[in-house]
Structures are given as C-alpha cells and as structure tokens.
Amino acid sequence: MTQAYGLIGYPLGHSFSERFFTEKFAREGIRNAVYRLYPLPDLSGFRDLLRNTPGLRGLNVTIPHKVAVVPLLDELDETARFIGAVNTITVDAQGRTKGYNTDAHGFLVSLERWIPDLRQRPLPALVFGSGGASRAVRYAFDQLGVPHTVVSRGPEKNAMDYAALPGWLSGHPDALLINTTPVGMHPDAAACLPLPWAMVGSGHFVYDLIYNPAETLLLQRARRQGASVKNGLDMLILQAERAWHIWQHA
Ligand code: NAP
C-alpha cells in the first residue's frame, strides 16, 4: 500500500514540506510514498484524519497545532516531552501515534555548522520570543552549554523585557541573538524587532528562524551593523530530513 505522509496546520498556503518531500520522492525514486497537505482549522478533525487516511505513516505539524496536538498523541519522545511541542508524528499500522520535535535538532546542527567552536567557547545568547520554536532553541542551547535569556513582551518568568536590551547589549558585545518570533515574516516583511541598533556590532551572531523572506529586515540591519547573520533555511531542511529519518526507523 502507498505510504501517506503529510502536514497538518492552518492555514496551509505554499508549503516548504510538501515541495521538499515531493521533490525528494521523485529524486530518490521513492514511488510508494505521497506527501499531502491536511489543512485543519482546529484539531477536532485529527482523529478522523488518522482513521480515514489509508497508509498514513507520518505527519508534520505546523502553526498553530504544535503544542495543542501533544495531549492527543499516544506517546511522546523525551525531547518533545521536554520541549512541550511536536512537529513530527509517527503513525503505526494500528493507528498509534508518537510525537517528536525535530526543530531542536535542526537548530542545533545548523548552529554548530555556522559556529563550529561554540561548545568549546559558548557565547551568551538572547532568545527573542517565548513560543514553541523558542522552547526548541532553548533545549538545543541546554545541550550545547550556551547560557541563554528569553526576551519577551509578556510576563513570562525569568524573561527579559525589550526595554532592558540596551543595558544587556552594552555588557555583551560578543553574543548570539536569536529571533524565534514571526516578526518580519512574509507577508509582514516590513516589520522588525525593536533592537537598539547602535549597540549591535561585529561580535554579534544574529540568527533569524524565519526563511521567507530569505533576508528579513532584522538580518539586513544586523548585517549593516557588521554582525554575522543567518536565516532559518538550513534549520528547516535539517528538521525535515530528521523527520524522514524518524519515519523510516519508526
Ligand atoms: P509561536 O509559538 O506563535 O511563538 C512566537 C513567539 O513570538 C510568541 O510566543 C511571542 O513571544 C513572540 N511574538 C509573537 N508576536 C510578536 C510580536 N508582534 N512582537 C514580538 N514578539 C512576538 O510561533 P513558533 O511556532 O514558535 O514560530 C515562530 C517563528 O519561528 C515563525 O516565524 C516560524 O516560521 C519560525 N520557525 C522556523 C523554523 C525553521 O525550521 N526555520 C522552525 C520553527 C519555527 P512573547 O509573547 O514572549 O513576546
């Protein structure tokens, strides 16, 4: 039977995952697999999807279901449990589900390729945003031994306020600045996090998890200040490859 894979989320417009897996199947001659989009406005249709999709073996999960899908799954792997968000699900022949988080893996591997000596010489990091991607990034930083602080608009415990940024940056001329918010993402590409730009310089590594546009306003401004910059495309590819590995070895 054809193996079915797909993406749940809402809304699902142009999907990276659909293109990535469709091209992969064609390139690698994988003829017994298909990858489809399953737009679910809410998760009330999740169990029906599992029941009514013949050959379903794996799902990716995107906004807004990464956290809400967790209690609907039969099992969670350790990383996903710790992060509290799932972006990959395996479905066995009996319809039993297990959730994984491959964002943390994608972020960690892409970061180490970018800054190879980070484990030996950890830089302090600011993580902008406190949502699902932020939790995956913080999990990766814990693995790498990178000290990190969340910058949030809200009252999350242990988070820093945006107003405190000038003080922090003046004391940390060498640091990682990671955007895990959707600010600056297509179609709102004119938006940008409110950073005190005069304090951003050549000792800063600015990583924006956004991949569309390829260079956000945040990365443009950081680059003009002399910072090293990176977008979220490598992470996106690495998390998708990891999902495929998990589906093949489930
Ligand atoms: P999310 O759960 O909605 O969290 C986003 C966080 O951003 C919120 O918790 C919020 O934190 C902050 N935020 C939201 N609107 C903001 C605003 N107007 N100004 C400042 N902060 C704001 O979303 P997510 O799933 O973590 O995804 C976030 C971004 O990461 C998206 O752009 C997504 O495409 C990207 N992403 C990329 C990859 C990749 O592979 N490259 C993987 C996962 C996610 P506070 O309330 O604490 O401020």
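It should be noted that the structure appears before, not after, this text.
Residues numbered from 1 in each chain as written. Predicted model: local features only at pLDDT ≥ 70, side-chain atom pairs only at ≥ 80, totals over all residues. Heavy atoms only, no water.

Caption draft 1: Just the pattern of salt bridges, in detail. Scanning the entire structure with this criterion turns up 10 salt bridges. As a salt-bridge pair, Asp103 and Lys66 come within 2.9 Å of each other at their nearest N and O atoms. Here Asp103 is found in helix H4 (residues 103-114), whereas its partner Lys66 is found in the loop between strand S3 (56-61) and strand S4 (75-76), with 37 residues between them in sequence. For Lys66, a relative accessible area of 22% translates into the label partly exposed. Taking the shortest distance from any N to any O, the salt bridge between Glu215 and Arg223 comes out at 2.7 Å. (Salt bridge = Lys/Arg side-chain N within 4 Å of Asp/Glu carboxyl O. Helix = DSSP H or I, 4+ residues; strand = E, 2+ residues; numbered from the N terminus. Buried < 20%, exposed > 50% of the residue type's maximum accessible area, 1.4 Å probe, protein only.)

Caption draft 2: Representation of the packing of aromatic side chains. For the coordinates displayed, the defined rule picks out 17 aromatic pairs. Pairwise contacts between aromatic rings join Tyr5, Phe16, Phe20, Phe21, Phe25, Tyr35, Trp244 and Trp247 into one cluster. Directly above the aromatic system of Tyr207 lies the positively charged group of Lys230, at a separation of 5.9 Å from the ring centroid. (Phe/Tyr/Trp six-rings, centres within 6.5 Å; stacked < 30°, edge-to-face > 60°. Lys NZ or Arg CZ within 6 Å of the ring centre and 35° of its normal.)

Caption draft 3: Structural context of the sheet that holds strand S8 (residues 148-151). With parallel pairing, five strands are arranged side by side in an open sheet as S8-S7-S9-S10-S11. Among the strands making up the open sheet, the edge pair consists of S8 and strand S11 (228-230). Taking the axes of each pair of neighbouring strands and ignoring which way they run, one obtains an average angle of 15° across the sheet. Sheet topology places strand S7 (residues 125-128) next to S8; four bridges connect them, and they run parallel. Paired with Ala125 across the bridge in S8 is His148. Set on the sheet, helix H7 (residues 217-224) makes contact with strand S9 (175-179), strand S10 (204-208) and S11; between it and S10 the angle comes to about 165°. (Pairing = 2+ DSSP bridges. Axes fitted to C-alpha atoms, helices over the stretch in contact; angles between N-to-C directions. Contact = heavy atoms within 4.5 Å.)

Caption draft 4: Looking closely at the sheet that holds strand S1 (residues 3-9). A sheet is described by the order of its strands in space; here six strands give the open sequence S2-S1-S3-S5-S6-S4, paired in mixed fashion. Edge positions in the open sheet fall to strand S2 (33-39) and S4, since each of these has one partner strand only. Examined bridge by bridge, strand S5 (residues 88-91) and strand S6 (residues 97-100) share four bridges and lie antiparallel to one another. Following the sheet pairing, Thr90 is matched in S6 by Lys98. Its contacts with the sheet put helix H1 (residues 16-27) on S1, S2 and S3, and the angle it makes with S2 is roughly 170°.

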